[in-house]
Amino acid sequence: FCLLTTTTVVLAYINWRGLALVGKMSVLICVVAMSPFVILVVVGSFKVDPSRWWILPDADVDNTLAAMDDDIAGGLLPNFSPAGVLWRPFLNNLFWNLNSFDSAGCLVAELDNTASFVRSMMMGVLLVVLGYFFPLLIAIGSLDSEQADWNDGYLAVITTEVVGPWLGAWTVFAAGISNIGLFQAELSTDAFQLMGMADRGYLPEIFSRRSKHGTPTYGLFLGTVVIVAMGVSDIDRLIEMLNFNYGIALLLEYAAFFKLRVSRPSLERPYRIPLSTLGCALFFFPTIVSTVFVMSLATYATYNFSLVACIIGYLLYAARRRNKQGRFFDSMGNNRNNDFVRVADELSFQDEGTETVEETEGVTNEN
């Protein structure tokens, strides 16, 4: 616990020093973390037996359950395992490793040009998918292994067998240092999200205060405290709880996307999906279904945790709505992103109010 706390505080201090330092550090970590898998793909591609890719999992999942030592039980679909696949841990890990791209949106206000952000996001999605797909493809095809072998740390075993012990050690080191990059990115986006909520008046003003380095001090402090408190929890439970709450957030984002697409089609956007509303609905349908399916695999403890989180979120929203003058939560007067707040407030108008404004503008233009 002492080691965890010390490491968390040190990394939080680095984060407090500014996004520029975190960004440079993340680029270096990315190179170090990805390099062993690049070597695995290059060397292991000569040892691949394509027939291994088509081996079906064993329908008897008892050995896999024993190897996983998964003590999470209960829920609507406990140990759901059609076709020999333990879908709850599989989808939870897949969902957890491929999510949170939208968290980068919390940092958009710090940029002068959103065009580079859109390009970076597209490249990031492509690199992440390729960074998982090809190493796993080579790992499965180059080594005979049982389904139960695939537990924590097995990629290090594969790199050792396929390339050598030195790459296995490098893989373990890369996994450890990549967690540092993940920690820094998550802490930054969470802190700036809290600052954005404070700027909008949904949290006390204290969370909108910046340090001399431009970082949200109290948001970073709260995030550090939560990480230290939750650091002793079971990682599988944490992943499932995070996935469930993230799934709720995704569904709300999708709903907001379609609401703005229909009600504000002419709203200025830095990027617009080049599809019609129906095309977007078809495009998002598989994602929405898979998100709901992942949520349905959660345990009852996760349902209870998410219910409490949703209640707290609703109470914060209701308090902001009731406090129209924003005296308790108000921090808009100190917000340097007043243009963002103005646009967000305009979007909160009722349709009647919007129509009145448009009619007024039309009369003015005629005059």
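These numbers were taken from a predicted model, which means no experiment stands behind them.

### Digging into the overall build of the protein chain
The helix and strand tally for the protein chain stands at 13 helices and 0 strands. For the protein chain, the succession of helices and strands along the chain, N to C, is α-α-α-α-α-α-α-α-α-α-α-α-α. For the protein chain, buried positions account for 30% of its 367 residues. By sequence separation, contacts in the protein chain at least 24 residues apart represent 71% of the contacts at least 6 residues apart.

### Some thoughts on the confidence of the model for the protein chain
Fine structural detail should not be taken from predicted coordinates in areas where pLDDT scores are low. Per-residue confidence for the protein chain gives a mean pLDDT of 78; residues scoring 70 or more make up 81%. Element-level mean pLDDT values for the protein chain span from 43 in helix α13 (residues 351–366) up to 90 in helix α6 (residues 154–162). Across residues 326–367, where pLDDT falls below 50, the model places 44 contacts with residues more than four positions away in sequence or in other chains.

### Description of the nonpolar core
Grouped together as the largest cluster of nonpolar side chains are 10 residues: L91, F95, Y246, L250, Y254, F258, C280, F284, V294 and L297. Listed by contribution, the elements that provide at least two residues to this core are α4 (87–98), α9 (235–263) and α10 (277–296). With 4 residues, α9 is the single largest residue contributor to this core. Beyond its immediate chain neighbours, meaning those up to four positions away, Y246 contacts F95, N99, S100, F101 and D102.

### Some remarks on the pattern of salt bridges
Enumeration over the complete set of coordinates arrives at 1 salt bridge. When the shortest N-O distance is used, the salt bridge between R52 and D144 registers 2.7 Å. Of this pair, R52 sits in the loop between α2 (19–44) and α3 (62–68) while D144 sits in the loop between α5 (114–142) and α6; the two residues are 92 residues apart in sequence, bridging distant segments of the chain. Take R52: its relative accessible area is 17%, and that puts it in the buried class.

### Considerations on the packing of α9 against helix α11 (residues 300–322)
The N-to-C vectors of α9 and α11 enclose an angle of 45°; their axes lie 9 Å apart at closest approach. Classified by the interaxial angle, the pair formed by α9 and α11 is oblique. As for how α9 packs across α11, the hand of that crossing is right-handed. Seen from α9, the contacting residues are E240, M241, F244, N245 and I248; seen from α11, they are A301, T302, Y303, F305, S306, A309 and C310. Along the lines of polarity and charge, the residues of the contact of α9 with α11 split into 8 nonpolar, 3 polar and 1 charged.

### Notes on α2
Side chains of residues three or four places apart in an α-helix project in the same direction, reflecting 3.6 residues per turn. Here α2 spans 37 Å end to end across 26 residues, near enough to the 38 Å set by a 1.5 Å rise per residue. The axis of α2 is deflected most strongly, by about 35°, at S35, and proline P36 appears within four residues downstream. Considered for burial, the residues of α2 that qualify are V22, I29, A33, S35, P36, F37, L40 and G44. Against the buried residues of α2 lie α1 (2–16), α5, α6 and α7 (165–200).

Rules of the game
The residue numbers shown here count from 1 along each chain, following its written sequence. Residues qualify for local features only when their pLDDT is at least 70, as the model is predicted, and side-chain atom pairs are given and counted only at 80 or more; totals for whole chains, interfaces and linings, by contrast, use all residues. The side-chain values count all of the structure's non-hydrogen atoms but skip hydrogen atoms and water molecules. Helix and strand labels come from DSSP, where a helix needs a run of H or I of at least four residues and a strand needs a run of E of at least two; each type is numbered from the N terminus. Each residue is assigned to one of three classes by its accessible area relative to the maximum for its type, calculated with a 1.4 Å probe on protein chains only: buried under 20%, partly exposed between the two thresholds, exposed over 50%. Contact criterion: two residues are considered in contact whenever any of their non-hydrogen atoms come within 4.5 Å of each other. For every residue, the predictor states its confidence as a pLDDT score lying anywhere from 0 to 100. Residues belong to a common nonpolar core when they are buried Ala, Val, Leu, Ile, Met, Phe, Trp, Tyr or Cys residues joined through side-chain atoms within 4.5 Å. Put simply, a salt bridge is a Lys or Arg side-chain nitrogen that is within 4 Å of an Asp or Glu carboxyl oxygen. Working convention: axes come from line fits to C-alpha atoms, limited for helices to the stretch in contact. Angles between N-to-C directions cover 0 to 180 degrees. Just so you know how the angles are binned, under 35 degrees is roughly parallel, over 145 roughly antiparallel, 65 to 115 roughly perpendicular, and the rest oblique. Here a crossing is taken to be left-handed if its near helix is turned anticlockwise relative to the far helix by less than a right angle, and right-handed if that turn runs clockwise. Residues are grouped as follows: Ala, Val, Leu, Ile, Met, Phe, Trp, Tyr, Cys and Pro are nonpolar; Asp, Glu, Lys and Arg are charged; every other residue, Gly included, is polar. Multiplying 1.5 Å by the helix residue count minus one yields the expected span of that helix. To get the bend at any residue, fit one axis to the seven residues that end at it and another to the seven that begin at it, then take the angle between the two axes.

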